[in-house]
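# A structural walkthrough
These are the residues of each chain, in order.
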Amino acid sequence: MTGTRIGVMGGTFDPIHHGHLVAASEVAGLFGLDEVVFVPTGQPWQKTERAVSPAEDRYLMTVIATASNPRFTVSRVDVDREGPTYTIDTLTDLHRQRPDAELFFITGADALAQILTWRDSERFLRLAHFVGVTRPGFTLADGHLPEGAVSLVEVPALAISSTDCRDRVARGMPVWYLVPDGVVQYIEKRGLYRSGPVPRRPGA
Ligand code: ATP
Ligand code: MG
C-alpha cells in the first residue's frame, strides 16, 4: 500500500509497560498512523551492566501486550539479527520491508537526547521522522534538533519504567495495572525478575 504511515517503537521491553503503550497510542492518534510496529531489541549494547531477559521472553511479552490493538504489531527484525541492536539497522530493515511507507520513529525524551550524539544522524533522518515523547523525569529540549525532522509530543504522564517494574517483582510488590494483565501473568509463569537466575525456557 502506498502512503502508509507507520510508527516504529523500539525498546528493550523488559518488560513492556503501559507507558510504552500510551506513548505509542498517543503518537498514532496525533500523527494519523495506520500502524505502530513495536521492535524489541536483540542484545542491547546500552544495557550491558545488567543481565537483560532473553529476547524471546521480551518478544512474547510485547506480543501479549499489543495483541488486543488491531493497529499494533510486533517485528522480530532486531531479535533475529545477530549482534547488538543499532537503530540505523532497525530502520533500514523496516524500510526494506515496507519501501512505500513513511516511518515515524517514536522514542522517549531520554533516548531522543542521544540523537544529538548519533554519528549517523543524517542517515537516520532520511529514513524516518523522529517523534520524541515526554516521560516523567526527563525534559524535552529541541535546541539543537534539525528543523522539520523531529517532533516533540506531550503524552499523558505515566511514571512507569521497566526498571521499576523489575524492582517491584524482585521485592515481591505487585505490577498489576503497570503492565497489561497478560504480561503480569507471563512474568509470573516464567519467573522473570525474581532474585536469582532466570529459568531456562522449556526446550531452550
Ligand atoms: P528501563 O527502565 O529498563 O530503561 P524503560 O521503561 O525505559 O526501561 P525501554 O524499553 O528502555 O523502557 O523504553 C523504550 C522506549 O520507551 C524509550 O524510548 C523510552 O524513552 C520510552 N518510554 C519508556 N517508558 C516511558 C513512559 N513511561 N512514558 C513515555 N515513554 C516511555
Ligand atoms: Mg529506558
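In what follows, the structure referred to is the one given above.
Structural notes, computed from the coordinates. Just so we're clear, the structure is a prediction, and the values are computed from it rather than from any experiment.

## So, the sheet that holds strand β5 (residues 129-133)
Taking strand neighbours across the sheet as the criterion, the six strands line up as β3-β2-β1-β4-β5-β6 in an open arrangement whose pairing is parallel. The outermost strands of the open sheet, each flanked by one partner alone, are β3 (72-74) and β6 (150-153). For this sheet, the mean angle separating the axes of adjacent strands, direction not counted, is 25°.

## Considerations on helix α7 (residues 162-171)
Along an α-helix, residues three or four apart share an orientation, since each turn contains 3.6 residues. Looking at α7, one finds that the buried residues are Ser-162, Cys-165, Arg-166 and Val-169. Mapping the buried residues of α7 onto a view down its axis gives an arc of 100°, with all of them on the same face. Structurally, α7 contributes buried residues whose contacts are with α1 (18-31) and α8 (181-190). Trailing α7 by a residue or two, Gly-172 shows a phi angle of about 80°, which is positive.

## Some thoughts on the pattern of salt bridges
Enumeration over the complete set of coordinates arrives at nine salt bridges. Linking Arg-5 and Glu-102 is a salt bridge whose minimum nitrogen-to-oxygen distance equals 3.6 Å. Remark: Glu-102 occurs in strand β4 (residues 102-108) and Arg-5 occurs in strand β1 (residues 5-11); sequence separation between them is 97 residues. Of the residues examined, Arg-5 reaches a relative accessible area of 26% and is grouped as partly exposed. Assessed through its relative accessible area of 42%, Glu-102 is described here as partly exposed. The residue Asp-78 makes a salt bridge to Arg-81 at a minimum N-O spacing of 2.9 Å. The pair Asp-78 / Arg-81 is uniform in exposure class, with both members buried. Each member of the salt-bridge network shares a partner with another, and the members are Asp-78, Arg-81, Asp-93 and Arg-96.

## What to know about the packing of aromatic side chains
Counting across every chain of the model gives six aromatic pairs. Ring geometry for Phe-124 and Phe-130: centres 6.0 Å apart, planes at 65°, overall edge-to-face. For the pair shown, Phe-124 and Phe-130 are each scored as buried. Three or more aromatic residues joined by ring pairs form one cluster here, namely Phe-13, Phe-38 and Phe-72. Over the face of the ring belonging to Tyr-59 we find Arg-76, whose NZ or CZ atom lies 4.6 Å from the ring centre.

Calculation notes
Residues numbered from 1 in each chain as written. Chains lettered and ligands numbered in written order. Predicted model: local features only at pLDDT ≥ 70, side-chain atom pairs only at ≥ 80, totals over all residues. Heavy atoms only, no water. Pairing = 2+ DSSP bridges. Helix = DSSP H or I, 4+ residues; strand = E, 2+ residues; numbered from the N terminus. Axes fitted to C-alpha atoms, helices over the stretch in contact; angles between N-to-C directions. Buried < 20%, exposed > 50% of the residue type's maximum accessible area, 1.4 Å probe, protein only. Arc of directions from axis to C-beta. Contact = heavy atoms within 4.5 Å. Salt bridge = Lys/Arg side-chain N within 4 Å of Asp/Glu carboxyl O. Phe/Tyr/Trp six-rings, centres within 6.5 Å; stacked < 30°, edge-to-face > 60°. Lys NZ or Arg CZ within 6 Å of the ring centre and 35° of its normal.

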